[in-house]
Every structure is written in structure tokens, then in C-alpha cells.
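A structural walkthrough
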Amino acid sequence: MTTTAPSAGPSTDPCAAHRARPSAAFPQDAVLRPYPPGTRLPTQWACWLESARAHLHPAGRMVDLQAVAAPPTRNSRARGDGAQGGEGGQAASTAAWHVPLVAQGMWGVLTPPGALATGEPADLAWPDAAQAPALARSLARQPRPLNLPRVPLGSPSLPALATAFRGRGWVRVRAAHGSPCIELDDGWAQPWRKFNAGRQSDFRRAQRRAGEAGGLQFEVHAPAPGPDLERLLDEAYEVESRSWKGDGGTALAVDPLLGPFYRRLAHASAQAGLLRLCFLRIGARPAAMQFALQGEGRFWLMKIGYDAAFARCSPGQLLMLHTIGHAASQGLASYEMLGNAAAWTAGWTRTLRPFVHVRAYPASWPGARALCADAWRAARARWQATAGTNPVLGVPA
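Residues numbered from 1 in each chain as written. Predicted model: local features only at pLDDT ≥ 70, side-chain atom pairs only at ≥ 80, totals over all residues. Heavy atoms only, no water.

To continue, consider the overall build of the chain. If you tally the helices and strands in the chain, you get 13 helices and 12 strands. Across the chain, the fraction of contacts at a sequence separation of at least 24, relative to all contacts at a separation of at least 6, is 78%. (Helix = DSSP H or I, 4+ residues; strand = E, 2+ residues; numbered from the N terminus. Contact = heavy atoms within 4.5 Å.)

Below, the structure is given as C-alpha cells:
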């Protein structure tokens, strides 16, 4: 087997290949801004990994991969925590650590915990960017294939996997859907000033209607575990269930898998001081909610919802305007919407975090079988698209 290095373009511009080959993953008018090197996603944090293990995956499917760490970097020693700022992860000086992964399907394809169930971007759970090569080497030595559906372009995992699998297997990298973000500066502390006159008029109209309906109040909570957290979660779940998600049966309040997971995540992240539960109240009633995490110097928007009874007041829009200003006033670097770019996100930002879909196949029977199965599915999808019997499926080539 041969190895294809997961490089999206020249090192001076990692987004060049995606600009040259526009797709649904990266619209032509998108401004691509990779994360700064070494940024850890919420799906790499201990609170996420513990919650996913407890509520999303059967114990028999969990795989703890052992990796031997390299000496800590100068930057990690200077930070003093060896992980992402404020998350309180493992120390970079640890000699060895266990990385949780999930074995999926008949071939036991390894994926990050929660990546498929939630659709959130996920990377290998290295405690420090300098440890990505050690983890990649451990993956290349074991027999199972690897699936990383949405890895940040520029992640240290990409060159680490290319190096580790050289002569040991094959790595395939394709574009994946980017996620919207706002890169904050001091001006975003008054976010309405960032929009044109028409949009500012829309905001004022929504605020006026909310005032007429009983007055509006914004809340950003950083609760500790306990009764107050449970009360706020109950309110958040209830608000979300009153939107289109409740009608479609996808609200957390009725989802038997994700509902308990996000409740567990709330408690674990609150214990670490990372949870932010945000509300807009109109009169005495909560009209919109946000479930967010604040870490790595960024505001990560995980779940949103609003009460359709207040749709005329655009409560979700007003709450987002407020929390963007709140994040900027806290000195955070960005407001991360996660998810995929959509019509509603385009009204807030054209900036996207670029992601890639990585598949790695070790030189083993499980790796070879998974490679053949994936090649067959890709060939069939291309044939169906060419024959005009089906839209293009999967990640654009």
C-alpha cells in the first residue's frame, strides 16, 4: 500500500486547493480562516470525551489507544497546563496516555467519540499538538482503519498521520463542510454596528416588538453543578422543544440519545467552568436559548433554540447579537457557530473554518477490507451521478 499525504495545498496557503476547487463544502464567496495551530476543539476536551463514553457508545465499542508522549514543548511548558487554555486537560509532560476512540461497523473503523452521533467537528484527542505524531504512530501500528469526518485544515494530525502511515498504509483526505465563525475584535462589543443600515433596522424592529410583548432580558449563565444548573437545563430543553425541532422530533427533550448526552456534558463542562447557558426572556418567559462552551479563548455555540410563539420578535437573532457582543467584551478571539454554513449563518458571517475528511487504512486485513469497501461505494456514487440517477453523495472529491 502507498501513502497519500494529507496536504490541501502549499504550506504558505493551506486553503489554496479548496479555493481552486469550489464545492458545497466551501462556497465560492466564503472566506476561509483555519484555526491557529494547536487549537483544541470541544470534542477533544475531557468533559466531551467522558460524556460521550457515558451516553453515546456501548462499552464494548470503546477502544482506549495507548500513545507514548514526546517531551513537552516550550509553549506547553510556558502555558503550564499542556492542553487548551482553560479546559484543564492532561499535562503535556505525561509519559503515556490513553486516547478514547469508538470502533464502528463491521470493520471496526475507529472514530472520535461523538463525532458521528452529533456531527460536530472532531480531531484526534492529543493533549498537546506536539503529541500528535505519537498518537499517529500508535494508530499506524494497530490494524483498524480510521475515520475522521471533519478535521480542521491545518491540524497537526494531518502531517502526523501522513508520516506515520508512510510505508504502513494509505491516507485519503477530501474536503468536508466548513463551519461558520466570527473573528472578534473590539468593535464586536457593539455588534449591531458591524451590520448595514437595513440589518440594524431589523434588529431595532425585533427589539421594539419584544418590548411590546412584555420587555426583554438577556442572561448569560456560567452555572456550577447543582439545582440551579438542572433548572436552567430544563428551561433550555423546554424552549428548544417549542421550535421546529420539537415538531420534527429532534429536540433534546425527546431525543433518547442526545438529550442525556448534552445534559451530562453540561454537568461535566460546568464542573470545569466551561459551560455557558444563555437566554433571552420576553416578559417572564424564556423565548430563546443557547447551549455554549467557552474555552481556548473562544465561544463555541453547541445548541440553539427559540419559542415559535415569539417568532415575530426574532428572539434567536436578538440573543445571538447579544452573545456575540458578550464574547467580544470578554476578550475572546472568535465566536464559533460550528455546524454547517446555511442561509441563516450567511447573514452573520461569510468566514468559514475549513475542514477535511480523513480516512486512514493500515496495512492489515481490516484496513484492506475497509479500503475496498470505501472504493466501491465511491465508484458507485460517481457512476450514479454520471448516469443522472442520483445526486452526488458524500464528501466532494
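Next, the rest of the story.
As a further point, take the confidence of the model for the chain. With 84% of its residues at a pLDDT of 70 or more, the chain has an overall mean of 85. Element-level pLDDT for the chain is lowest in helix α3 (residues 74–79), with a mean of 43, against a maximum mean of 98 in strand β11 (residues 334–336). In this model residues 16–22 is a low-confidence stretch, pLDDT under 50, and it forms 13 contacts with partners more than four residues away in sequence or in other chains. Low confidence marks residues 75–93, where pLDDT is under 50. Its contacts with residues over four positions away, or in another chain, come to 40 contacts. (pLDDT = per-residue confidence, 0-100.)

Right, let's talk about the packing of aromatic side chains for a bit. Counting across every chain of the model gives 14 aromatic pairs. Ring centres of Trp-48 and Phe-261 lie 4.9 Å apart, and the angle between their planes is 80°; on these two criteria the pair is classed as edge-to-face. In this pair, Trp-48 is assigned in helix α2 (residues 46–55) and Phe-261 in helix α10 (residues 258–271), connecting sequence segments 213 residues apart. No difference in accessibility class separates Trp-48 from Phe-261, as the two residues are buried. Judged by centre distance (6.5 Å) and plane angle (80°), the rings of Trp-48 and Tyr-262 are edge-to-face. (Phe/Tyr/Trp six-rings, centres within 6.5 Å; stacked < 30°, edge-to-face > 60°. Buried < 20%, exposed > 50% of the residue type's maximum accessible area, 1.4 Å probe, protein only.)

Membership of the largest hydrophobic core comes to 64 residues, with the highest contact counts inside it found for Leu-135, Leu-139, Leu-161, Tyr-262 and Phe-291. For this core, the element with the highest residue contribution is α10, accounting for 7 residues. If sequence neighbours within four positions are ignored, Phe-291 has contacts with Leu-233, Tyr-262, Leu-265, Ala-266, Leu-275, Arg-276, Leu-277, Trp-300, Leu-301, Met-302 and Lys-303. Counting 28 residues, the second-largest nonpolar core is a separate cluster that includes Ile-182, Cys-313, Leu-318 and Ile-324. (Core = buried A, V, L, I, M, F, W, Y, C linked by side-chain atoms within 4.5 Å.)

Another aspect to go through is the pattern of salt bridges. By the definition in use, this model includes 17 salt bridges. As a salt-bridge pair, Arg-205 and Asp-202 come within 2.9 Å of each other at their nearest N and O atoms. One end of the pair is Arg-205 and the other is Asp-202, both in helix α7 (residues 197–212) and 3 residues apart, which spans about a single turn. Here Asp-307 ties to Arg-285 by a salt bridge, and the two come within 2.8 Å at their closest N and O atoms. Taken as a pair, Asp-307 in the loop between β10 (298–306) and α11 (315–329) and Arg-285 in strand β9 (residues 285–295) lie far apart in primary sequence, 22 residues in all. The partly exposed category is assigned to Arg-285, whose relative accessible area is 39%. (Salt bridge = Lys/Arg side-chain N within 4 Å of Asp/Glu carboxyl O.)

Position of Ala-253 relative to the elements: it lies in the loop between α9 (244–248) and α10. For Ala-253, a relative accessible area of 45% puts it in the partly exposed group. Spatially, the C-alpha atoms of Ala-253 and Tyr-237 are 5.4 Å apart, while their sequence positions differ by 16 residues. Residues in contact with Ala-253, not counting those within four places in the same chain, are Tyr-237, Glu-240 and Ser-241.

Quick look at the side chain of Ser-334 now. Mapped onto the fold, Ser-334 is located in strand β11. Once you skip the residues sitting within four places of it in the chain, Ser-334 turns out to touch Ile-182, Glu-183, Leu-184, Gly-297, Arg-298, Phe-299 and Arg-353.

Tallied over the full model, the rule gives 4 cavities of 30 Å³ or more. Computed from the structure, the largest cavity encloses a volume of approximately 70 Å³. If you trace the largest cavity, you find it lined by Tyr-35, Pro-36, Pro-37, Gly-38, Thr-39, Asp-123, Trp-126, Pro-152, Leu-153, Gly-154, Ser-155 and Pro-156. The residue makeup of the lining of the largest cavity, split by class, is 7 nonpolar, 4 polar and 1 charged. (1 Å grid on protein atoms, 1.4 Å probe; cavity = no way out; pocket = protein on both sides within 12 Å on 5 of 7 lines; lining within 4 Å. Points joined across faces, edges and corners; volume = space filled by probe spheres on them. Nonpolar A, V, L, I, M, F, W, Y, C, P; charged D, E, K, R; others polar.)

As a further point, take the side chain of Gln-294. Its place among the elements puts Gln-294 in strand β9. One polar contact links Gln-294 to Arg-276, side chain to side chain, over a distance of 3.4 Å. Not counting chain neighbours up to four residues away, the residues in contact with Gln-294 comprise Trp-45, Leu-274, Arg-276, Phe-299, His-326, Gln-330 and Leu-332. (Polar contact = N/O pair within 3.5 Å; in protein donor to acceptor, adjacent residues only side chain to side chain.)

Of the pockets and cavities examined, the second largest pocket occupies roughly 670 Å³. Looking at the second largest pocket, it is lined by 29 residues, and the ones nearest its centre are Trp-244, Lys-245, Lys-303, Ile-304 and Trp-344. Of all the secondary structure elements, the ones that give two or more residues to the lining of the second largest pocket are α9, β9, β10, α11 and α12 (343–346). If you tally residues by element for the lining of the second largest pocket, the top one is β10, at 6 residues. The residue makeup of the lining of the second largest pocket, split by class, is 15 nonpolar, 10 polar and 4 charged.

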